Amino acid sequence: MTTLPVQPIGRVEGLDALLPQSAATGAAPTGGANAFGQLLMNGVDSVNQKVVDAEKLSAQFAVDDSVPLHQVTFALQQARLSLEFMLQVRTRLVEAYQQFASMQL
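Residues numbered from 1 in each chain as written. Predicted model: local features only at pLDDT ≥ 70, side-chain atom pairs only at ≥ 80, totals over all residues. Heavy atoms only, no water.

## Here we look at the overall build of the protein
Basically, it comes down to this: Strands are runs of DSSP state E lasting at least two residues, helices are runs of H or I lasting at least four, and both sets are numbered from the N terminus onward. Exposure is judged per residue with a 1.4 Å probe applied to protein chains only, and the accessible area is read against the type maximum: over 50% gives exposed, under 20% gives buried, and values in between give partly exposed. Throughout, a contact is declared for two residues whenever any of their heavy atoms are within 4.5 Å. In this description, accessible areas are obtained by the Shrake-Rupley approach with a 1.4 Å probe, and a residue is regarded as covered only by the protein chains that are shown.
The helix and strand tally for the protein stands at 3 helices and 0 strands. With 105 residues in all, the protein has 12% of them scored as buried. Nonlocal contacts in the protein, meaning residues at least 24 apart in sequence, comprise 43% of its contacts between residues at least 6 apart. Counting every atom, the protein has about 8800 Å² of accessible surface; 63% of that belongs to carbon and sulfur.

Below you can see the structure in the form of structure tokens.
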């Protein structure tokens, strides 16, 4: 039995696009609510772009076989996982809001 070398997990590419500029550069974030809102909007825009790209690839694959099937499948799975992650984040935010709303002051 041949053992394969274990490779360290590298940095996730594209993660900086979801972070506010201050977090990406390592500076202290300013405007808490504004930065959080921008972070959420960047995430939604990123998910939307992945869905649009997957739709374009699948339409191109249906028309002319110029796009390999594995590339279409990968783009569709990436879009699906991004959408599921976004829905999980939304669910957690709604749950947190409901907990804050039910607190007695």
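Structure shown, so let's carry the discussion forward.
## Here's the deal with the nonpolar core
Formally: Each nonpolar core is a collection of buried residues, namely Ala, Val, Leu, Ile, Met, Phe, Trp, Tyr and Cys, held together in the definition by side-chain atoms within 4.5 Å.
Among the nonpolar cores identified, the biggest contains 6 residues, and these are Ala54, Leu57, Val67, Val72, Ala75 and Ala79. Contributing elements (two or more residues each) for this core: α2 (32-63) and α3 (69-101).

## So, the side chain of Ser82
Among the secondary structure elements, Ser82 is positioned in helix α3. In this structure Ser82 touches Val47 and Lys50, once residues within four positions along its chain are discounted.

## Comments concerning the packing of α2 against α3
Rules: What counts as an axis is a line fitted to C-alpha atoms, over the stretch in contact for a helix, and the angles between N-to-C directions run from 0 to 180 degrees. Roughly parallel means an angle under 35 degrees; roughly antiparallel, over 145; roughly perpendicular, 65 to 115; everything else is oblique. Note on convention: the crossing is left-handed when the near helix lies turned anticlockwise from the far helix by less than a right angle, right-handed when the turn is clockwise. Throughout this entry, Asp, Glu, Lys and Arg are counted as charged residues, while Ala, Val, Leu, Ile, Met, Phe, Trp, Tyr, Cys and Pro are counted as nonpolar. The remaining residues, Gly among them, count as polar.
Two elements in contact, α2 and α3, have axes separated by 9 Å at closest approach and are oriented at 150°. Considering the angle they form, α2 stands roughly antiparallel to α3. In the packing of α2 onto α3, the handedness of the crossing is left-handed. Touching Phe36, Leu40, Val44, Val47, Lys50, Val51, Ala54, Leu57, Ser58 and Phe61 of α2 are Leu69, Gln71, Val72, Ala75, Leu76, Gln78, Ala79, Ser82, Leu83, Met86, Val89 and Leu93, all from α3. Its residues assigned to classes, the contact of α2 with α3 shows 17 nonpolar, 4 polar and 1 charged.

## Quick look at the pattern of salt bridges
This is how it is decided: A pairing counts as a salt bridge when a side-chain nitrogen of Lys or Arg comes within 4 Å of a carboxyl oxygen of Asp or Glu.
Here the structure, examined in full by the defined rule, presents 1 salt bridge. The salt bridge involving Glu84 is made with Arg80; its shortest N-O contact spans 2.5 Å. On the criterion of helical spacing, the pair formed by Glu84 and Arg80 is a turn pair, its members being 4 residues apart in helix α3. Its relative accessible area of 39% is what places Glu84 among the partly exposed residues. Since its relative accessible area comes to 40%, Arg80 is described here as partly exposed.

## Quick notes on the environment of Glu84
Inclusion rule: As used in this structure description, the phrase polar contact means that two N or O atoms lie within 3.5 Å; if the pair is within protein, one of them must be able to donate a hydrogen and the other to accept it, and residues adjacent in sequence are counted only when both atoms belong to side chains.
With 37 residues separating them in the primary sequence, Glu84 and Val47 have C-alpha atoms 9.7 Å apart. A polar atom in the side chain of Glu84 sits 2.5 Å from the side chain of Arg80.

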